[in-house]
Protein chains: 2
Amino acid sequence: MQLMIVILVFAAGLALAYAAFNFFAVKKLPEGNERMQEIASAIRVGANAFLDYEYRVLYLVIVLVAVVLAVVTMWQAAVALLIGALMSGCAGLVGMKIATYANVRVSNRARETQNIGATVKVAFRGGSVMGLCVGGFALLGLFVTYVVFGLWMGQLRVTDASYVNFLGLSFIPFPMTLSGYALGCSIVAMFNRVGGGIYTKAADMGADLVGKTEAHIPEDDPRNPATIADNVGDNVGDVAGLGSDLLESYVGAISSGIILTYHMFLQSGALGTGMTEKILEKCILFPLLFVSIGMIACCVGIASLLAKKRLSEDPRRELNGATYVAAGLTILLGLLSSWLLFRDEDAAVLKASLGFTAGSLSPWIAAAIGVVSGVVIGMLAELYTSADYQPTRRLAQAAEEGAALTITQGLALGMRSCMVTCIVLAAGIVTSHAVSGMYGVSMAAMGMLSFVTATVSVDTYGPISDNAGGIAEMSGLEPRVRQITDTLDAVGNTTAAIGKGFAIGSGALAALSLMISYLYSFNEVGTDLILNMMTPMVLAGAIVGGALPFLFSGMLIDAVAKAARKMVSEVRRQFRERPGILDGTEKPDYKTCVSISYQGALAEMKLPSLLSIVVPVGTGFLFGPSFVGGLIIGSTLVAIMLAIFCGNAGGAWDNGKKYIETGGIPGAGKGSEAHSAAVVGDTVGDPLKDTVGPCLDIFIKIMSTVSLVASPVFAQYNLVSFLSRLFS
Amino acid sequence: MQLMIVILVFAAGLALAYAAFNFFAVKKLPEGNERMQEIASAIRVGANAFLDYEYRVLYLVIVLVAVVLAVVTMWQAAVALLIGALMSGCAGLVGMKIATYANVRVSNRARETQNIGATVKVAFRGGSVMGLCVGGFALLGLFVTYVVFGLWMGQLRVTDASYVNFLGLSFIPFPMTLSGYALGCSIVAMFNRVGGGIYTKAADMGADLVGKTEAHIPEDDPRNPATIADNVGDNVGDVAGLGSDLLESYVGAISSGIILTYHMFLQSGALGTGMTEKILEKCILFPLLFVSIGMIACCVGIASLLAKKRLSEDPRRELNGATYVAAGLTILLGLLSSWLLFRDEDAAVLKASLGFTAGSLSPWIAAAIGVVSGVVIGMLAELYTSADYQPTRRLAQAAEEGAALTITQGLALGMRSCMVTCIVLAAGIVTSHAVSGMYGVSMAAMGMLSFVTATVSVDTYGPISDNAGGIAEMSGLEPRVRQITDTLDAVGNTTAAIGKGFAIGSGALAALSLMISYLYSFNEVGTDLILNMMTPMVLAGAIVGGALPFLFSGMLIDAVAKAARKMVSEVRRQFRERPGILDGTEKPDYKTCVSISYQGALAEMKLPSLLSIVVPVGTGFLFGPSFVGGLIIGSTLVAIMLAIFCGNAGGAWDNGKKYIETGGIPGAGKGSEAHSAAVVGDTVGDPLKDTVGPCLDIFIKIMSTVSLVASPVFAQYNLVSFLSRLFS
């Protein structure tokens, strides 16, 4: 076991050290001319200001939740929550900082070398800092929680619900602490995603609605007062938001598996299936070991790209190369971890207690199923959203028939795309369950995310390149520079769609295994785990739960629209009051736009973010745990569909528009009627794909985690059971 | 019991006789001038032609399903299916015929009297024929099934699964026969709704896309070649489609309660809770009696309006008056039926076996809860879609900011609107279950639809008035006539939204009680009914099931777009090749447009319609009954959300546009930029609210009924159980 801890520490340390190395390696590159430095600094200042403000709101919520947690459960869970929040906050902050350093250096590198390969390297090195921070900080936090609370304070040794706190509530200590850790990560992710998502889309829509549609100036034109805000948005939404989101998914997948293990152990004790404490310990270690190996594999993958002297002109091949090296190594070496841990355990006991049907390799097979389903889901997202394939091309053609048919067709595309992805998910659940029981389902989620460092690095490369293009445009660099950054950016769009597929796929699986732990937490030990949809309370919960993701999405869209509207009137005001801006004789006031965007985002993000915490707890106290069980399953089901729908419809509209811009449809280019229709589609799709879709997976996971943490309380104290005691 | 049968026959007879009376009363009214007659006849010929063609496809499907049903279950079920199809087909046909007679007579009455009240009376008399046919034919079919198969052939006496057919499958005969009847109604409804929905929206979008947007001519302008097709669409979609839809809901709600009763009886036998055959018989009679009373109450309500010498100038008040009389009388007299049937039964036995907690009045309370929730859901639909309230007004204001924000805002409105409706539904389920057990939930669905005749009459009045306006416009009648029909039509829009609320609310409840019967059909008697979401097969089914309504909706939208596209190019061709059309010197070719619309609808309707039959049966044979259980629950949950979303978003876009047209927003009227944006919203919303939304509730009910009917087969023969037998 010492060896495992050494591997864990080594993996986390390696990741963070490599992140630091890349951070400084990027930072020491030249920034380019004065104009470029000026713009980059404006973006950096704007991004920092937003995160500063956002984190202030966040601190309050985190401290509040921590205090409540300490009171109703135990202080260790509260401390773990703070650790989780700190880790997630750090990853977001560091990743965003490097993105705002890297962007200008990417445009400068493109300017100096005029070479795609050399430019890709800088962008990817910047992105890798975010990727390594996500993996590194998540593992560091897990390590601290595991060693300090688990080993040192002995929580790992308490394997039944013998801990009774001063309120008389009993629960198993380590799963509760780990839930606290996961919850901390989730809350930060929620605020970063929602706040960043509103910010970025409000700025983007605001800039486009006036700039492109009314003033007819191109994207990122320095005359548009909202351009700086738009570029700030890429950093706070697509970098910081994405980073915390995937960190949360990563931690959620790992901890849901561990939490589940305790309940399996308790079940086994009651049913006499012979699961020993040693097996329990191994089940806890397996995901930790697997992701540590994945982490090391990702470092190798990243290094394999960065170490190359010359990169090819095809960034997609290079980036895919790094990811495939990471994924392949993870699967290969993961086999070892499964074999090392479980080979000397009795296969019959493993089968009876955990449902392992393939002996010691069972959890590895489940994790590998996760990797494969993740890749397939990503490929499906690409199929539906890339202009290389029929669906998006047909959508682009519909633009020739006007805005109404563009929207209609896009809605239909998004709706149709749910089925195949769901079939893959369902197949993943059935097969991973067949090979490793419910533990297998959470291991599939864990597997899907085990090489998260590589995918986040690739994902972050996208917005950095996008920003680099913006800086090139705004500082008036020669067209060739913009061409290079556009090539980089186009690849980023596809990788982003794939990344979203991973996030929702793993999110759904992790939510399901959290859900199982939730049910175990108040289920009588030794009885079958049942969430019976045919009881009226569960059914009512599922119906209300099904409406929740729709309500949440509607609120988010409204929030974006509201914030975008403020931006629109500010841009219009500037154009009206200072006509010199459009002639280029006067400089627009970027700062007001930046502050409008962040004020709008901060004002609008609170309500939807709190929904995921307040609703399960509130209804839990009113209607009891069965209702909440229904609530979670209803929300999860509907959220999966909505997230796929939003991601694919939005992605297809965006790429359909780009397809028209690059001349994919003869006779229809920029400025044509078809292009205007496509811009309407893109504008509608923006909040769907970049705000709603990515927030939905965090939403369902926060709901499950919060319910899990609060269940000991409301399972005992709730209105329905109070009333039924009263009347009986 | 003889008394009950007399009431049932009397109610059905009364309804059909009154329908016949109103039919001929309308038909003998004068048709107006030659031009009006000519146009009306073109619409009538088009509508008849479509239904003729559609019914040919339908016959094939019905006969095919009947043959399969006869082979795998029993011939009685197949005959009942044919009866159901015949009843539903007749209701749709007669209702549509009268609508195509009434439309021109309404415009003529407006022309002759220049009086709103007198015109309303004709339109409502026409609508009442559809309403009375829906109730009358449904009851007639139920009566035949009950008397012929139940009493005469003795199926009612067989109360356990002692019937074994030649394939060795056993089931209870009467529920199977009744399921066959319900399935017949559902399949016709599906084809009428899907076919009619595609037809009407293809014509409508086709007419609008070229007429309003390109040629800038008003709606229903005789120069637009697609106008006749558009008006035909109102009759086949909004009249025939709506009628079969609500007939199906009505029959589904009644029969799901009766089918459930048998399973409750079997359970009771196994658990020894003392439910007698007499109670079983009363549980079967209660919904039949209740809807018969509702039928008579509706006749009184309708007569109360038609008997008035003079109607007021406010059609809404008059129509609401008729509905309230019907609903009030139904609730009041329904009390009697509950009391008469159950008063001499032992309350303790009723409680133990059926979950009646309020003695003999329990089922009545459940039905009344249904009525109240139905009314509240209808009011919520009005709140979200009527321009009298904030949501739609705010949406109309967003139109000033362009098409993109109009769409975005409408999506958000639709998404947000799900929650309150779902809370009402959930509360309805919990309370009706608390008072009458699972039987209560189906009685709530039955109650919601017990005065369906009144609501369908009011609903059909809408498209008749709409058509009357079209005829007035096309035959160049004076503006005052159009004003009168517009007043009538505006009220129709609101009543339509309310009607949709009823349809989806009752659809969800009926699907749930069918689902329970489904589960009972292969559950071991005497054990608790469980649909455990925590088994991988159920979960996988629920995920795939959740994606189904999205796939179905996407297919429908694509179908409408495809058919609309053909219409657009035909209209463009006519304008291009015969420039005289736009000058008014040449007559457009209406016929080609009509035939394009119906060919498009017929070609596109097959695939989505068959989905609801093929998927549950196919997956049942592959993955067994648990998977299908998950499939139904997942589909039902997601379909509820999508139907509410589509109905409310679409309704709000439509009425937001109308609000702008009537000068609701200062400075923005017809022809303004805001109006163009609102037209985009309306065009996007059209297929959502008139095709997708209404089809979703039929979709989930067909799925549940088909699964229920096929379950004896695939519960015994399926791939999963075959494989597990093979490997064990």
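Residues numbered from 1 in each chain as written. Chains lettered and ligands numbered in written order. Predicted model: local features only at pLDDT ≥ 70, side-chain atom pairs only at ≥ 80, totals over all residues. Heavy atoms only, no water.

In the annotation of an unreviewed UniProt entry, chain A is listed under the name Putative K(+)-stimulated pyrophosphate-energized sodium pump and assigned to Candidatus Avoscillospira stercorigallinarum. Check the Function (unreviewed entry) section of the UniProt entry for chain A; it says "Sodium pump that utilizes the energy of pyrophosphate hydrolysis as the driving force for Na(+) movement across the membrane." Word for word, the UniProt comment on chain A under Sequence similarities (unreviewed entry) is "Belongs to the H(+)-translocating pyrophosphatase (TC 3.A.10) family. K(+)-stimulated subfamily." (UniProt positions renumbered as here; feature names shortened; annotations may be inferred.)

Colleague: Outline the overall build of chain A, supporting the account with residue identities and numerical values.
Modeller: Counting its secondary structure elements, chain A contains 19 helices and two strands. Scaling as 2.2 N^0.38, a compact globule of 728 residues should have a C-alpha radius of gyration of about 27 Å, and chain A matches this with 25 Å. Expressed as a percentage of the 728 residues in chain A, the buried residues total 68%. Taken as a whole, chain A presents about 22100 Å² of accessible surface, with 63% of it coming from carbon and sulfur. Charge centroids of chain A, computed over 47 positive and 52 negative side chains, lie 4 Å from each other. (Helix = DSSP H or I, 4+ residues; strand = E, 2+ residues; numbered from the N terminus. Rg over C-alpha atoms; globule rule 2.2 N^0.38 Å. Buried < 20%, exposed > 50% of the residue type's maximum accessible area, 1.4 Å probe, protein only. Areas by Shrake-Rupley, 256 points an atom, 1.4 Å probe, with all protein chains shown as cover. Lys, Arg positive; Asp, Glu negative; His and termini not counted. Charge placed at Lys NZ, Arg CZ, Asp CG, Glu CD.)

Colleague: Would you mind going over helix 3 (residues 75–113) of chain A in detail, with residue names and values included?
Modeller: Here helix 3 of chain A spans 55 Å end to end across 39 residues, near enough to the 57 Å set by a 1.5 Å rise per residue. Backbone geometry just downstream of helix 3 of chain A places A:Q114 in the positive-phi region, at approximately 55°. (Expected span 1.5 Å × (residues − 1).)

Colleague: Can you break down the interface of chain A and chain B residue by residue, with the values?
Modeller: Taken together, the contact between chain A and chain B spans 64 residues of the former and 64 residues of the latter. Taken together, the two surfaces of chain A and chain B that pack against each other cover about 6000 Å², and 82% of this comes from carbon and sulfur. Interface area lost by chain A to chain B is led by A:M415, A:M534 and A:F550, which between them contribute 12%. Applying the counting criterion to the chain A and chain B interface returns four salt bridges. In this structure, A:R416 engages B:D558 in a salt bridge whose closest nitrogen and oxygen atoms are separated by 2.9 Å. Counting the contacts that link chain A with chain B gives ten residue pairs in polar contact (both at pLDDT 80 or more). At the level of secondary structure, the elements contributing two or more residues to the side of chain A that touches chain B comprise helix 5 (173–215), helix 12 (403–449), helix 14 (479–522), helix 15 (536–577), helix 17 (590–661) and helix 18 (673–716) of chain A. Here the side of chain A that touches chain B gets 20 residues from one element, more than from any other, and that element is helix 12 of chain A. In the side of chain A that touches chain B, the residues fall into 51 nonpolar, nine polar and four charged. (Contact = heavy atoms within 4.5 Å. Buried area = accessible area lost by both parts, 1.4 Å probe. Salt bridge = Lys/Arg side-chain N within 4 Å of Asp/Glu carboxyl O. Polar contact = N/O pair within 3.5 Å; in protein donor to acceptor, adjacent residues only side chain to side chain. Nonpolar A, V, L, I, M, F, W, Y, C, P; charged D, E, K, R; others polar.)

Colleague: I'd like a description of the state of the cysteines, backed by residues and values.
Modeller: All names here are of chain A. Taken as a whole, this structure holds zero disulfides over all chains when the rule is applied. As a non-bridged cysteine, C185 has C90 as the owner of its nearest cysteine sulfur, 11 Å distant. On the accessibility criterion, C185 (0% relative accessible area) is buried. C695 carries a free sulfur, and the closest cysteine sulfur to it, the one in C646, is 10 Å from it. A residue is classified by how much of its surface remains accessible, and C695, at 0% relative accessible area, is buried. (Disulfide = S-S within 2.5 Å.)

Colleague: Quick rundown of the packing of aromatic side chains? Include the residues and the values.
Modeller: All names here are of chain A. Inspection of every chain in the model, using the stated rule, returns 34 aromatic pairs over all chains. Taken together, a centroid distance of 5.7 Å and an interplanar angle of 50° make the contact between F286 and F290 tilted. Here F286 and its partner F290 are both found in helix 7 (residues 277–306), four residues apart, which amounts to about one turn of the helix. Residue classification places F286 among the buried residues on the basis of a relative accessible area of 0%. A ring pair is formed by F356 and Y439, whose centres lie 6.0 Å apart and whose planes are at 35°; its orientation type is tilted. Here F356, found in the loop between helix 9 (347–354) and helix 10 (362–385), pairs with Y439, found in helix 12; they are 83 residues apart in sequence, far enough to count as distant. Connected via pairs of aromatic rings, a cluster forms that spans F286, F290, F342, F356 and Y439. Between the NZ or CZ atom of R56 and the centre of the ring of Y53, over which it lies, the distance is 4.7 Å. (Phe/Tyr/Trp six-rings, centres within 6.5 Å; stacked < 30°, edge-to-face > 60°. Lys NZ or Arg CZ within 6 Å of the ring centre and 35° of its normal.)

Colleague: Just give me the short version of the side chain of B:S337, but keep the residues and values in it.
Modeller: Here B:S337 is to be found in helix 8 (residues 315–342). Since its relative accessible area comes to 1%, B:S337 is described here as buried.

Colleague: Quick rundown of the relation of the copies chain A and chain B? Include the residues and the values.
Modeller: Superposition record for chain A on chain B: RMSD 0.0 Å, screw rotation 180°, translation along axis 0.0 Å. Such a combination of turn and shift is consistent with a two-fold rotation axis. It is A:N532 whose C-alpha, among those of chain A, lies nearest the rotation axis, at 2.4 Å. The fraction of interface residues of chain A whose copies in chain B are also interface residues reaches 100%, indicating that both copies meet through the same surface. (Least-squares fit on C-alpha atoms with pLDDT ≥ 70 in both.)

Colleague: Residue-level account of the side chain of A:K121, with values.
Modeller: Residue and element names in this part refer to chain A. Position of K121 relative to the elements: it lies in helix 4 (residues 116–152). Look at K121: it is buried, it has no salt bridge, and the nearest opposite charge is E318 at 9.4 Å. Ignoring sequence-local partners within four residues, the contact set of K121 consists of L306, K308, K309 and L311.

Colleague: Mind laying out helix 10 (residues 362–385) of chain B, listing which residues take part and the relevant values?
Modeller: Helix length check: helix 10 of chain B, at 24 residues, gives a terminal C-alpha distance of 35 Å against a target of 34 Å (1.5 Å per residue), a fit within 8%. Within helix 10 of chain B, 18 of the 24 residues are buried, leaving the element largely enclosed by the surrounding structure.

Colleague: Kindly report on the pattern of salt bridges, identifying the contributing residues and their values.
Modeller: Considering all chains together, one arrives at 60 salt bridges over all chains under this definition. With a closest N to O distance of 2.9 Å, A:R565 and B:E401 form a salt bridge. You can see A:R565 sitting in helix 15 and its partner B:E401 sitting in the loop between helix 11 (390–398) and helix 12 (403–449), one on each of two chains. Note on A:R565: relative accessible area 24%, which makes it partly exposed. Of the residues examined, B:E401 reaches a relative accessible area of 27% and is grouped as partly exposed. Ionic contacts of the salt-bridge type, sharing partners, join the residues A:K201, A:D204, A:D654, A:K658, A:D686, A:K689 and A:D690 into one network.

Colleague: Explain the UniProt feature "site: Determinant of potassium dependence" (unreviewed entry) in chain A residue by residue, including any values.
Modeller: Residues and elements named next belong to chain A. Sequence positions flagged by UniProt for "site: Determinant of potassium dependence" (unreviewed entry) are, in local numbering, A496. Mapped onto the elements of the fold, A496 is located in helix 14. For A496, a relative accessible area of 25% corresponds to the partly exposed category.

Colleague: Account for the confidence of the model for chain A, naming residues and giving values.
Modeller: Model confidence for chain A is summarised by a mean pLDDT of 89, while 100% of its residues fall at 70 or above. Scored by ipTM, the complex comes to 0.92, with pTM at 0.93. (pLDDT = per-residue confidence, 0-100.)

Colleague: Tell me what's going on with the environment of B:V65, and back it up with residues and numbers.
Modeller: All names here are of chain B. Relative to the helices and strands, V65 is located in helix 2 (residues 34–72). The spatial distance from the C-alpha of V65 to the C-alpha of L183 is 9.5 Å, given a sequence separation of 118 residues. Leave out the neighbours within four places in its chain, and V65 touches L81, L183 and I187.

Colleague: I'd like a description of the packing of helix 3 of chain A against helix 5 of chain A, backed by residues and values.
Modeller: All names here are of chain A. At a minimum axis distance of 7 Å, the contact between helix 3 and helix 5 shows a crossing angle of 35°. Classified by chirality, the crossing of helix 5 by helix 3 is right-handed. When helix 3 is examined against helix 5, the residues Q76, A77, A80, L81, I83, G84, A85, M87, S88 and G89 are found in contact with a partner set consisting of M176, T177, G180, Y181, L183, G184, C185, V188 and A189. The residue inventory of the contact of helix 3 with helix 5, partitioned by class, reads twelve nonpolar, seven polar and no charged. (Axes fitted to C-alpha atoms, helices over the stretch in contact; angles between N-to-C directions. Left-handed = near helix turned anticlockwise from the far one by under 90°.)

Colleague: Kindly report on the nonpolar core, identifying the contributing residues and their values.
Modeller: In terms of nonpolar packing, the biggest core is built from 557 residues, with A:I187, A:M533, A:I633, B:I187, B:M533 and B:I633 touching the most fellow members. Once residues within four sequence positions are removed from consideration, A:I187 is found in contact with A:L58, A:V61, A:I62, A:V65, A:I613 and A:I702. (Core = buried A, V, L, I, M, F, W, Y, C linked by side-chain atoms within 4.5 Å.)

Colleague: Account for a nonpolar patch on the surface, with residues named and values stated.
Modeller: All names here are of chain A. A cluster of nonpolar side chains, contributed by L622, F623, L719, V720, F722, L723, L726 and F727, occupies part of the molecular surface with about 730 Å² of accessible area. For the nonpolar patch, the elements supplying multiple residues, two or more each, are helix 17 and helix 19 (719–727). For the nonpolar patch, the leading source of residues is helix 19, giving six residues. Mapping L726 onto the fold places it in helix 19. With relative accessibility at 52%, the residue L726 sits in the exposed group. (Patch = residues over 30% accessible without salt bridge, like charges linked within 9 Å, V, L, I, M, F, W, Y side chains within 5 Å.)

Colleague: Residue-level account of the packing of helix 11 (residues 390–398) of chain A against helix 17 of chain A, with values.
Modeller: Residue and element names in this part refer to chain A. Where helix 11 meets helix 17, the closest approach of the two axes is 8 Å, and the angle between their N-to-C directions is 65°. On the basis of their axis angle, the class for helix 11 and helix 17 is roughly perpendicular. As for how helix 11 packs across helix 17, the hand of that crossing is right-handed. Contacts from T392, R393, L395 and A396 in helix 11 reach A652, W653, N655, G656, Y659 and I660 in helix 17. Among the residues forming the contact of helix 11 with helix 17, the class breakdown is six nonpolar, three polar and one charged. (Parallel < 35°, antiparallel > 145°, perpendicular 65-115°, else oblique.)

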